[in-house]
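Descriptive structure summary
Next come the chains, spelled out residue by residue.
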Amino acid sequence: TRVEAPKLSNTNQNVKEINKMKKTNLKVMDNTANTKQAIKKETEQRYDGKAIAFIKSRKAEHKIHKMAEEMYKTAELAGVELVDVIVDDSANDDIDRREITDFCKTVDDTDALVVLVNNLFAFTTDLDDLLKFVETLMYKPVMILEMEHHHILSLDYSDDSEVDE
C-alpha cells in the first residue's frame, strides 16, 4: 500500500503546532526567489562549519551524483563545507531504519551544523516522527536546508538573550 506524504506547504502550520506544544522556537523561511542570499545570510550568522547531506533515492547512480553535486554547490554558497553525503536507497521510510541511525551518528561525529536534504520527507513520511526528528536536530543545533521547496529550518533566535555568544 502506498501512502502519500503530507504536503510540505503545511510545514509552517506544523511548526506552529510544535512551538505551542513544546515551547520550541523553530523558524521556517520560504525563500524561493532569494534562496542563495537567504542561505548565505542565515549560515553566516550562526552556522559556520561543516555540513552533511542526506539523499533518499533509488534512482540511477548518475542521478544521485547530480543531486549530490547540487548539494555541494548549495553548501559552498552557504559558506559551509559539505563533508559527507549519506545515501539511503532503501524502500523503507521508518525513522528507526539503519540509514537514519548512520546519518545521526555522522552528524554527531563531524559536528556538522548544517544538514542538506532534497525533501524533509526523505527522513520519514510519518509526520509525528518527522517533527520529533526535526526538533531533535534543531537542538544540536543544526540548520536544515530543504532544497526541493527552498525551506530553511533553524531555531529562532529572535530573542538574543537566549543566544550564547
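Each value, and the rule that gives it
- Residues numbered from 1 in each chain as written.
- Predicted model: local features only at pLDDT ≥ 70, side-chain atom pairs only at ≥ 80, totals over all residues.
- Heavy atoms only, no water.
- pLDDT = per-residue confidence, 0-100.
- Contact = heavy atoms within 4.5 Å.
- Helix = DSSP H or I, 4+ residues; strand = E, 2+ residues; numbered from the N terminus.
- Buried < 20%, exposed > 50% of the residue type's maximum accessible area, 1.4 Å probe, protein only.
- Polar contact = N/O pair within 3.5 Å; in protein donor to acceptor, adjacent residues only side chain to side chain.
- Phe/Tyr/Trp six-rings, centres within 6.5 Å; stacked < 30°, edge-to-face > 60°.
- Right-handed = clockwise from strand over helix to strand, strands pointing away.
- Pairing = 2+ DSSP bridges.
- Expected span 1.5 Å × (residues − 1).

Topic: the confidence of the model for the protein chain
A residue-level look at the protein chain finds 65% of positions with pLDDT of 70 or above and a mean pLDDT of 77. Long-range and interchain partners of residues 17-24, a stretch whose pLDDT sits below 50, account for 13 contacts in this model, where long-range means more than four residues apart. Across residues 160-165 the pLDDT falls below 50, and counting only partners more than four positions away or on other chains, this stretch makes one contact in the model.

Looking at the side chain of Asn119
As for its placement among the helices and strands, Asn119 is situated in the loop between strand E4 (114-117) and helix H5 (127-138). On the accessibility criterion, Asn119 (17% relative accessible area) is buried. From its side chain, Asn119 meets the backbone nitrogen of Phe121 in a polar contact 2.8 Å long. Excluding residues within four positions of it along the chain, Asn119 makes contact with Glu146, Glu148 and His149.

Brief notes about the packing of aromatic side chains
To describe a pair of aromatic rings, one takes the distance between the centres and the angle between the planes. Taken as a whole and judged by the stated rule, the model has five aromatic pairs. Measuring from centroid to centroid gives 4.8 Å for Phe123 and Phe133, while their planes differ by 55°, and the two rings are tilted. With Phe123 in the loop between E4 and H5 and Phe133 in helix H5, this pair connects stretches of sequence that are ten residues apart. In this structure Phe123 comes out as buried when scored by relative accessible area, which is 0%. Since its relative accessible area comes to 9%, Phe133 is described here as buried. By the ring-pair criterion, three or more aromatic residues cluster together here, those being Phe54, Phe103, Phe123 and Phe133.

Some thoughts on the pairing of strand E5 (residues 143-146)
In E5, alternate side chains face the same way, and those of Met143 and Leu145 on one face and Ile144 and Glu146 on the other are all buried. Between E4 and its parallel partner E5, the chain crosses via H5, and the hand of that crossover is right-handed. As paired elements, E5 and strand E6 (residues 151-155) share three bridges and run antiparallel to each other. The partner of Glu146 across the bridge, within E6, is His151. Connecting E5 to the next strand, E6, in antiparallel fashion are four residues, including His150 with a positive phi near 60°.

Things to note about H5
Here H5 spans 16 Å end to end across twelve residues, near enough to the 16 Å set by a 1.5 Å rise per residue. Among the residues of H5, Leu130, Leu131, Phe133, Val134, Glu135, Leu137 and Met138 are the ones counted as buried. For H5, the side-chain oxygen to backbone nitrogen distance between the N-cap and Asp128 is 3.1 Å, and the N-cap itself is Asp126.

Side note on unusual backbone geometry
A cis amide bond links Lys140 with the next residue in sequence, Pro141, at an omega value of -5°. For Pro141, the location among the structural elements is in the loop between H5 and E5. A positive phi angle, close to 55°, is found at Asp111, a residue other than glycine. Topologically, Asp111 is positioned in the loop between helix H4 (98-110) and E4. One non-glycine residue, His150, adopts positive backbone phi at about 60°. Along the chain, His150 falls in the loop between E5 and E6. Of the residues examined, His150 reaches a relative accessible area of 29% and is grouped as partly exposed.

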